[in-house]
Amino acid sequence: MGRFSSIRVLLCFAVPPRCKGTVVAMSTSPPPRYRNNAWREHPLWNWVGLVPFFLFIFLFLIIPSLNLFTGAFVTNKGFFTLENLSVFRNPLVLKAYMTSLQVSLLTAVIGGLFGFFVAAAITLGHPPRWMRSLIMTFSGLAANFGGVPLAFAFIATLGRTGFVTALLKEVCFPGPDGTQICPFNPYDHGFSLYSLTGLVLAYTYFQFPLMVLTITPALEGMRKEWREAAANLGASTWQYWRDIALPVLTPSILGASILLFGNAFGAYATAQALTGGSIPLVTIFVGQQIRGDVLGNPHEGYAMAMGMVVVMAITIVAYSMLQRQASRWMKV
Amino acid sequence: MKAQQINWWAIFWIVLAALYFLLPMYGTLDFSLRMERNTISLKAYEIVFADPRFWRGFQYSTLMALITIVVSIILFVPTVYWMYLKVPQARPIMEIITILPFVIPTIVYVFGLIRTFSRPPFQLTLHAFTTDMLIVAGYVVISMPFMFRAIDVGMRALDVRTLTEAAQSLGSNWFQVLVYVIVPNLRVAILSGALISFATVMGELILASFLVRPALAPYMALLGLTKAYEPAALAIISYALTWFSLGLLQIVSQGGTTRQLTGR
Amino acid sequence: MTHLELSHIRKAFGAAVVVEDFNLAVNQGEFISFLGPSGCGKTTTLRMIAGFELPTAGTITIDGNDLTNTPPNKRNVGMVFQSYALFPNMTVAHNVGYGLKITSKSKAEIMQRVHEMLALIQMEEFAQRYPFQLSGGQQQRVALARALAIRPQLLLLDEPLSALDAKIRLELRHEIRRIQRQLGITTIYVTHDQEEALSLSDRIVVMSKGKIEQVGTPTEIYNAPATEFVARFVGHINLLPVTVLNPTDGVISLGRQTLRAGRFGKLNGRPVQLAVRPEEINLGAKPDTNTLSGEVESVTYLGSIVRIGLRIEHHPLSLDVFNEHTLKLPRIGETHTIHFPVNACWLIEKSD
Ligand SMILES: Nc1ncnc2c1ncn2[C@@H]1O[C@H](COP(=O)(O)OP(=O)(O)OP(=O)(O)O)[C@@H](O)[C@H]1O
Ligand SMILES: [Mg+2]
C-alpha cells in the first residue's frame, strides 16, 4: 500500500471507466441572473475561490519544499553557503545515489518489459476473457501493494525459510557416489533476498502490474487495420513492430517508464522492511538522517533530499523532451 | 488469419504473471498458518488480534484516513468546482501542483514537513493533537494526486456551468448549488477518490513513522523486526484490506456506470 | 481475359457460414463492386482476397497462380480501408512510400514514386503532413495512393467513402474511378450504397446472406434484376402479385384487371410478381400499354420528382413524375388511371 496508491491517479486518464462520473444532460439553460457589481467583473476576482486551496498547498507543500531547498544552502547559523553540497563528494552518499538509480532503472526496465509482455498477452494475444480480467484485477491490487507487507510476503516466499526456497531445496537427486545432490537451493548460489537482487525481485511485484495498468490502454488503441495495412504493403510482423507498432507506442512507453522509475526511486518502506536498511538507498539514507544525524550536519541531509528532487526533475525534463520528439505525430 | 486459436505465447506470459502475483501471497498465507509446529492454525492471527497495539494502530489509521477523506473533499470539491466555473485557465497550474507529491519522494517531503513544523512559527510537533493535524495535512497532500484527479474527471463529465446556471435561476445560492446539485452528481467520483485515499493512508508508513504516531504501518514494521509469523498474518490482513477497498472501488465505479446507462 | 478468379469459396466462423459457394471471374482492368446489405459477407470475401482470412474451402487465383494460402504480405494486393488506416507516426510521404521501402527500393526511386502518386491524388503540397493534420477525405486519398504505390496487381476498397460526408463522397468517388481508369488496375469495391455501385462499376456482384444473388452490369442489375432480392435491394420497385393467364404471351391478371408482361422466363406455376419501376409509370391512359386504375393514397415531394402512392386492387404502387411547373398533382382520395409500357415490366418469381 502506501505511496503506491497515488500512482493510480496517473492511470485515471488512461483508464477512464475507473474514473467516470455521472452525466447529466440539460436541454435548455435559462439565462442566469447577474448582479451588476463592477468589482466582480475584475479578472482577479475569479481566482478568489482558489485561495483556500493555494493557501493549503503553500503551507503544507510549498513551504516545506522551499525549506528543504533553503536548508540545503545555509549553515547551522543560517548563513548562505554552498558547503553542504560537499555531501555529494561523500563516497557513501554517492554510493547511495548510484544504488538508488541502479535499482530504479533496473526495476523500471525489468518491470517495464515484463509488464509490457503481459499487457501484450492480454490484449493482442486474445486470451479467454476471464484471464484478462483476472490479470487486470490483480494488477490493480499489486500495483497498490508495497511497503512493509510486501516485504513480509517476500520473506515468507523467498527468504531463507520461505516456501519457494523450501520447495527448491527439496528437489534432490541421488549423486554418483550415493549422496544426495540438491542443486536448486538458491541460497547455495549466492542468492539472498536481503540483497539488491532480492530488492529488485520485490519491487518487480508492484512495478510490472503498474506497467500493465498504464500500457494496456495504449495497446488496446493499436488498430487492427494498421497491422493489416502493413501486411498488405508487404511488411513482415517484425517490420510492422519496428516501423509502426513501437513508434506508435513509444510515447506511452516513455510515460510508463518515468512512472516506474519515479515509483522505485522514491520507495522507502519496502527496502527498509526487507533489508532493515542494510542496502544503502538514498531514501534509506535520508530516513536515517531524519532519525538521527548520521552525517553530522543536518543541512547536508537537506542537500541530499534536495538531490532526489533534482534527479526527479532532470528525469522529467528529459522525459518531456523525448516525449515531444516521440509524439510529433500526435494531436495535442 | 489465426482467428480464435489459443495463443500459447500469450498464455505463457499470463501464467508467469499469475505466478508472480500468487506465489508470494500463497507463501505468506501458508507461513502465517504455521506458527504451531506440524499443524495449520490461526495462532498468529489470534496473537495479532489479541494485541492492543494492533487495534490501536488500526483505530488510529482508520480515524486518520476518514479525517483525511473529509478534509480532502471539503478542500478539493469546491476548488475544482470553482476552477471549472470561473478560472479554467488555472488548470495547467493546478495539474502541475497536484502532481508534485508524486515527483517529490515522500521521504523527502516528510523531511521538509518536519523541518518546517518542528519549530516556530508553525510548531506543530510538540503535542499529539497538533501532530495529528500535521499528519492529516500530509496525508491530504500525499493522496492529493488521486483525489484531485478523481474529482476533476467526475466534474468533466458534468456540464458544470449549465447545472449551476439552471440551479441559480431556480433561486439557489452558491453553497446550495454545490451541496445539492454538484456533490450528488459527483458521488461516484468522490467515492472512488475516497477509497484510494483510504487504502493509501491505511498503508502509509513514512509519515506516521517519522512523526512517531501509532499508526498501523509502523506497528507492522516494528513487529517485523522481532517476530516471524505475526508479520505474515499482518501482511495477509493488510492484503485483505487493500483488496477490500479496491474491490469496493470496482463495485462503486461499476454501479456508477449502470446508473448512468439507466438514465438515472 | 480472366485476371482474378474465385472458385467455390466458402468461409465459416465456427458454426456460422458467412460466405458460401462464391464464384467469380474478374477481367483485367475491370471495376467490380460487391453490393449487399450489412453482414452479407462482402468484407469477409474481400479480406479473403487480401489474405487476412483463410477460406474454409475454395481457391483464389490471380493470373492462374493459386494464392489461397499465400500470406497477405506476399500477395501484392493493394487495400484501402474504411477507416483510412494511415500509419499515424508517418508523414504522408512516408505512408505512401512505406510499401516501397519494404521492398528495399532506392531512396531516389521511392521519392520519385511518392511524388508521382501524390500528383495523381493532387496532394503534392501535403507530403510532410502527419495524418492527424488531414481531413478525412484527404486521408482516404493518401490511403489510396499508398495502396497504389506498390503497383499492386489488384486494388481492393472496403467501403472507402462511408466515413466521409456526402459532398466529399461524391467528389472522391469520381476521383477513384478516374485514377482506376488511368492506371487500368483491376479493382474490387465493397459498398452498401447502390448509387455508388451503379455509377462506378463495370459489373456489380449483388450479395445476400453470403451468397451471390446476381452478377451483371449496372444496367442489367437495375433493369433486369434476376431475383426479388436484387429487385428490392437496388432502386425502388413495385412488385404486384399477379396470376398468369397465358404463359406463352405473358398475359396476366391483377385482381379484375388484365395486363401483359414484357419479359418473363419459364413460368413453372410458382407464384409470380409483376415488377415495374416507379419512373416507368405515368398518370392517365394510353393505348397499347398496361393500364390500371386505383385510389391515390399519398403525394410526396422529393425535389425534382414527386412520388405518388396509389392502392390498386388492395396493393400499394408508387409512381414518380417529374416536378415540372405544368404538373397538376392528383389529390389524395381521387381515383386515377395510370399506364406503363408493356416492355417496362417483367415477371419475377416470388421468393420464399
Ligand atoms: N472474425 C469473425 N468471427 C466471427 N464472425 C465474423 C467474423 N468476421 C465477420 N463475421 C460475421 O460474418 C458476417 C459477415 O460479415 P462481413 O463483415 O463480411 O459483412 P459485410 O457485408 O462487410 O457487412 P457491412 O456492410 O456491415 O460491413 C457477419 O455476420 C459477421 O458477424
Ligand atoms: Mg464490411
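Residues numbered from 1 in each chain as written. Chains lettered and ligands numbered in written order. Predicted model: local features only at pLDDT ≥ 70, side-chain atom pairs only at ≥ 80, totals over all residues. Heavy atoms only, no water.

In the annotation of an unreviewed UniProt entry, the entry for chain B reads ABC transporter permease subunit, and the organism field reads Candidatus Chloroploca mongolica. Under the Sequence similarities (unreviewed entry) heading, UniProt states for chain B: "Belongs to the binding-protein-dependent transport system permease family." (UniProt positions renumbered as here; feature names shortened; annotations may be inferred.)

Engineer: Could you give an account of helix α6 (residues 147–158) of chain A, with specific residues and numbers?
Structural biologist: With twelve residues, α6 of chain A should reach 16 Å at 1.5 Å per residue; the first-to-last C-alpha distance of 16 Å fits that figure. Counting buried residues in α6 of chain A gives eleven out of twelve residues, a clear majority hidden from the surface. (Helix = DSSP H or I, 4+ residues; strand = E, 2+ residues; numbered from the N terminus. Expected span 1.5 Å × (residues − 1). Buried < 20%, exposed > 50% of the residue type's maximum accessible area, 1.4 Å probe, protein only.)

Engineer: For the sheet that holds strand β13 (residues 257–260) of chain C, give the residues involved together with the corresponding values.
Structural biologist: All names here are of chain C. Read from one edge of the open sheet, five strands run β13-β12-β11-β14-β20, paired in antiparallel fashion. Of all strands in the sheet, those with a lone pairing partner are β13 and β20 (345–349), marking the two edges. Between one strand axis and the next, the sheet turns by 45° as a mean value, whatever way the strands run. (Pairing = 2+ DSSP bridges. Axes fitted to C-alpha atoms, helices over the stretch in contact; angles between N-to-C directions.)

Engineer: Which residues make up the interface of chain C and chain A, and what values go with them?
Structural biologist: Between chain C and chain A, the residue contacts involve 25 residues of the former and 23 residues of the latter. Summed over the shared surface of chain C and chain A, the result is two salt bridges. The residue Arg47 of chain C makes a salt bridge to Glu228 of chain A at a minimum N-O spacing of 2.8 Å. Taken together, the connections running from chain C to chain A amount to eleven residue pairs in polar contact (both at pLDDT 80 or more). Elements represented by at least two residues in the side of chain C that touches chain A include exactly α1 (42–50), β6 (77–80), α2 (92–102) and α4 (136–149) of chain C. Of all the elements, α2 of chain C adds the most residues to the side of chain C that touches chain A, at four residues. Here the side of chain C that touches chain A is built from residues that sort into 17 nonpolar, five polar and three charged. (Contact = heavy atoms within 4.5 Å. Salt bridge = Lys/Arg side-chain N within 4 Å of Asp/Glu carboxyl O. Polar contact = N/O pair within 3.5 Å; in protein donor to acceptor, adjacent residues only side chain to side chain. Nonpolar A, V, L, I, M, F, W, Y, C, P; charged D, E, K, R; others polar.)

Engineer: Talk me through the site of ligand 1; I want residue IDs and the actual numbers.
Structural biologist: Residue and element names in this part refer to chain C. Around ligand 1, the neighbouring residues are Phe13, Val18, Pro37, Ser38, Gly39, Cys40, Gly41, Lys42, Thr43, Thr44, Glu159 and His192. Take Gly39: an N or O atom from its main chain is 2.7 Å from an oxygen atom of ligand 1. Lys42 is positioned with one of its side-chain polar atoms (N or O) 2.8 Å from an oxygen atom of ligand 1. Its free accessible area being 640 Å², ligand 1 has 58% of it covered by the protein chains. When residues in the shell around ligand 1 are grouped by element, the largest group, three residues, is from α1. Residues that form the shell around ligand 1 fall into these classes: four nonpolar, six polar and two charged. (Near = heavy atom within 4 Å. Areas by Shrake-Rupley, 256 points an atom, 1.4 Å probe, with all protein chains shown as cover.)

Engineer: I'd like a rundown of the sheet that holds strand β5 (residues 65–66) of chain C, residues and numbers included.
Structural biologist: Residues and elements named next belong to chain C. Spatially, the four strands line up as an open sheet ordered β2-β1-β4-β5, and their pairing is antiparallel. Sheet topology places β2 (16–27) and β5 at the edges, where each strand pairs with a single neighbour. Relative to β2, strand β1 (residues 2–13) runs antiparallel, the two being bridged by eight bridges. The residue bridging Thr2 from the neighbouring strand is Asn27, located in β2.

Engineer: Describe the packing of helix α3 (residues 51–72) of chain A against helix α4 (residues 91–103) of chain B, naming the residues involved and giving the relevant values.
Structural biologist: Where α3 of chain A contacts α4 of chain B, the axes come no closer than 12 Å and their chain directions differ by 35°. In the crossing of α3 of chain A with α4 of chain B, the sense of the turn from one axis to the other is left-handed. Within the contact between the two elements, α3 of chain A uses Phe53, Phe54, Ile57 and Leu61 of chain A and α4 of chain B uses Ile93, Met94, Ile97, Thr98, Leu100 and Pro101 of chain B. Residues belonging to the contact of α3 of chain A with α4 of chain B are distributed by class as follows: nine nonpolar, one polar and no charged. (Left-handed = near helix turned anticlockwise from the far one by under 90°.)

Engineer: Describe the pairing of strand β8 (residues 186–191) of chain C, and please don't skip the residues or the numbers.
Structural biologist: Residues and elements named next belong to chain C. Within β8, six of the six residues are buried, leaving the element largely enclosed by the surrounding structure. Residues Thr186, Ile188 and Val190 point to one face of β8 and Thr187, Tyr189 and Thr191 to the other, with burial holding for every one of them. By the bridge criterion, five bridges tie strand β3 (residues 31–35) to β8 in an arrangement that is parallel. Bridge pairing links Phe34 to Val190 in β8. Running through helix α5 (residues 166–183), the crossover from strand β7 (residues 154–158) to the neighbouring parallel element β8 is right-handed. (Right-handed = clockwise from strand over helix to strand, strands pointing away.)

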